[in-house]
Amino acid sequence: MKLPRRFFQPLAVGAPQPLRELPVRLERMIHFVPPHVEKMRAKAAELASQVDVVLGNLEDAIPIEMKLEARRGFIRMAQESDFGATGLWIRMNALNSPWALDDLVEIVGAVGDRLDVVMVPKVEGPWDIHYVDQLLAQLEARHGIAKPILVHAILETAEGVKNVDDIAAASPRLHGMSLGPADLAASRGMKTTRVGGGHPDYRVLGDTAAAGSERASAQQDLWHYTVARMVDACLANGIKPFYGPFGDFSDPLACEAQFRNAFLMGCVGAWSLHPSQIGIAKRVFSPDPGEVAFARRIIAAMPDGSGAVMIDGKMQDDATWKQARVIADLADLVAAKDGPPLGP
Ligand code: GLV
Ligand code: MG
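Residues numbered from 1 in each chain as written. Chains lettered and ligands numbered in written order. Predicted model: local features only at pLDDT ≥ 70, side-chain atom pairs only at ≥ 80, totals over all residues. Heavy atoms only, no water.

**What about the overall build of the protein?**
Inference 1: Counting its regular elements, the protein contains 14 helices and 12 strands.
Inference 2: Relative to the 2.2 N^0.38 estimate, which gives 20 Å for 344 residues, the radius of gyration of the protein is 21 Å and therefore close to what a compact globule would have.
Inference 3: Structurally, the protein occupies a C-alpha span of about 70 × 55 × 45 Å along its principal axes.
Inference 4: The 344 residues of the protein split such that 47% are buried.
Inference 5: The long-range fraction of contacts in the protein, counting pairs at least 24 apart against all pairs at least 6 apart in sequence, stands at 71%.
Inference 6: Carbon together with sulfur atoms contributes 57% to the accessible area of the protein, which is approximately 17,000 Å² in total. (Helix = DSSP H or I, 4+ residues; strand = E, 2+ residues; numbered from the N terminus. Rg over C-alpha atoms; globule rule 2.2 N^0.38 Å. Buried < 20%, exposed > 50% of the residue type's maximum accessible area, 1.4 Å probe, protein only. Contact = heavy atoms within 4.5 Å. Areas by Shrake-Rupley, 256 points an atom, 1.4 Å probe, with all protein chains shown as cover.)

**A word on the site of ligand 1**
Inference 1: Close contacts around ligand 1 come from R91, E156, G180, P181, A182, D183, P245 and W271, and that covers them all.
Inference 2: A182 places a polar main-chain atom, nitrogen or oxygen, 2.8 Å from an oxygen atom of ligand 1.
Inference 3: In the complex, 93% of the free accessible area of ligand 1, which totals 190 Å², lies under the protein chains.
Inference 4: When residues in the shell around ligand 1 are grouped by element, the largest group, three residues, is from helix 9 (residues 181-188).
Inference 5: Residues that form the shell around ligand 1 fall into these classes: four nonpolar, one polar and three charged. (Near = heavy atom within 4 Å. Polar contact = N/O pair within 3.5 Å; in protein donor to acceptor, adjacent residues only side chain to side chain. Nonpolar A, V, L, I, M, F, W, Y, C, P; charged D, E, K, R; others polar.)

**A word on the nonpolar core**
Inside soluble globular proteins, nonpolar side chains tend to come together where they are buried.
Inference 1: Among the nonpolar cores identified, the biggest contains 67 residues, and F74, I90, L104, M177 and F259 are the most heavily contacted of them.
Inference 2: Within the second largest apolar cluster, 11 residues are counted, among which are V117, M119, I154 and W271. (Core = buried A, V, L, I, M, F, W, Y, C linked by side-chain atoms within 4.5 Å.)

**Quick word on the pattern of salt bridges**
Inference 1: In this structure the tally under the stated criterion is 22 salt bridges.
Inference 2: A salt bridge links D52 to R28; the shortest N-O distance between them is 2.8 Å. With D52 in the loop between helix 3 (44-50) and strand 2 (53-57) and R28 in the loop between helix 1 (4-7) and strand 1 (29-33), this pair connects stretches of sequence that are 24 residues apart.
Inference 3: By relative accessible area, which is 3% here, D52 ends up buried. (Salt bridge = Lys/Arg side-chain N within 4 Å of Asp/Glu carboxyl O.)

**Some words on the coordination of the magnesium ion (ligand 2)**
Inference 1: At this site the magnesium ion (ligand 2) is bound by E156 (OE) and D183 (OD), with donor distances of 2.0 to 2.1 Å. With E156 in the loop between strand 5 (150-155) and helix 7 (158-162) and D183 in helix 9, this residue pair connects regions lying 27 residues apart in the sequence.
Inference 2: In this structure E156 comes out as buried when scored by relative accessible area, which is 3%. (Donors = N, O, S within 2.8 Å, 3.2 Å for Na, K, Ca; no water.)

**Details of helix 14 (residues 318-338)**
Inference 1: The end-to-end C-alpha distance of helix 14, which contains 21 residues, comes to 30 Å, matching closely the 30 Å that a straight helix rising 1.5 Å per residue would cover.
Inference 2: Buried within helix 14 are the following residues: T320, W321, A324, A328, A331 and V334. The buried side chains of helix 14 occupy one side of the element, clustering within an arc of 145° when seen end-on. Seen from the open side of helix 14, the exposed residues pointing more than 90 degrees away from its buried face are Q323, V326 and A336.
Inference 3: Residues of helix 14 that are buried sit in contact with helix 13 (289-301) and strand 12 (314-316).
Inference 4: Between the side-chain oxygen at the start of helix 14 and the backbone nitrogen of A319 there is a gap of 3.0 Å, and the oxygen is on D317. (Expected span 1.5 Å × (residues − 1). Arc of directions from axis to C-beta.)

**Details of the sheet that holds strand 10 (residues 270-272)**
Inference 1: Taken in spatial order, the eight strands make up an open sheet running 9-6-5-4-3-2-1-10, and their pairing is parallel. Sheet topology places strand 9 (240-242) and strand 10 at the edges, where each strand pairs with a single neighbour. Going from strand to strand, the sheet's axes swing by 25° on average, the running direction of each strand aside.
Inference 2: With three bridges joining them, strand 6 (residues 174-179) and strand 9 adopt parallel strand pairing. Following the sheet pairing, G176 is matched in strand 9 by K240.
Inference 3: Where helix 6 (residues 126-142) meets the sheet, its contacts fall on strand 4 (117-120), strand 5 and strand 6, and the angle it forms with strand 5 comes to roughly 155°. (Pairing = 2+ DSSP bridges. Axes fitted to C-alpha atoms, helices over the stretch in contact; angles between N-to-C directions.)

**Thoughts on the environment of A141**
Inference 1: Here A141 is to be found in helix 6.
Inference 2: Considering only alpha carbons, one finds A141 and V13, 128 residues apart in sequence, at a separation of 6.6 Å.
Inference 3: Setting aside its immediate chain neighbours within four residues, A141 contacts A12, V13, G14 and A15.

**A few points about the domain arrangement of the protein**
Inference 1: According to the domain assignment, the protein consists of domain 1 (4-285) and domain 2 (288-344).
Inference 2: With centres defined by C-alpha atoms, the gap from domain 1 to domain 2 works out at 29 Å.
Inference 3: Contacts between the two partners involve 11 residues from domain 1, matched on the other side by five residues from domain 2.
Inference 4: In total, domain 1 and domain 2 occlude about 570 Å² of area from one another, counting both sides; carbon and sulfur atoms represent 59% of this. (Domains from an automatic or database assignment. Buried area = accessible area lost by both parts, 1.4 Å probe.)

Rendered as structure tokens:
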């Protein structure tokens, strides 16, 4: 571990100063775009008005023979469209792949001043973050990039989960982390074939039922342990946790339930792989209007957050004031993006 004094020093002469606090941004959904597809690129500007983050996917799901076209397509998309306040990210190829180096060298060289975040797949430990961190600093310095490009890790290997705390603390360049349930299931040898979501056979059986009645059983959440570890690692280090992909586009209810569990546990967003998931993410990751109204009452009653007050018979103190601030700040960002909520 670096000495605290050196932790925030730029890693290359001429690279921008690493950020001490993450920029305040709305990131309810990270919307995946395959940049080698012309039709998708053409819609990028329109998409930017509907989603919080547009991500050009270069990794899995892009055919090998299209890898270079996807990289070039992303560069064109970044040059030709105005993304305004919408985030512009890439998911680079894995660090052990033949494409990873040029993904960063070419993209940062061409559009590094427009790129907000690089998502790094299959992160196994802090050493992966250190490599990307150093390379990005060299490229930022070479191309005179003023704003540091942030790094987002996908938590999708058993070794990555084992090292999640060290990954989250690896660099001031870290933006956050997403759960990658498909690769994680493969890495762990889980007996599933799905991209996120539950499994009907993963259940707890109740005690023996009375004669003639069914024995109760309930499906459990396969991802609870990993999401909980990810949320703790992220929040302990001031970075953002996200649920990742939900692959069954024909089951919006299960997608919403998965997103909501992640939201309640502390995640701030999820991936949208299909346009139908954009609305689901907006619904889930925008705070509930009743909660917002109550949060604003707490803040009004305790402007500086100190002391204790009773509101509707419920005790409020420093801890509920901090929760209220999170909800109220999120509501302000949502109103700025989507417009004010439709009132009575
Ligand atoms: C995402 O990349 C996943 O593997 O689930
Ligand atoms: Mg993956």
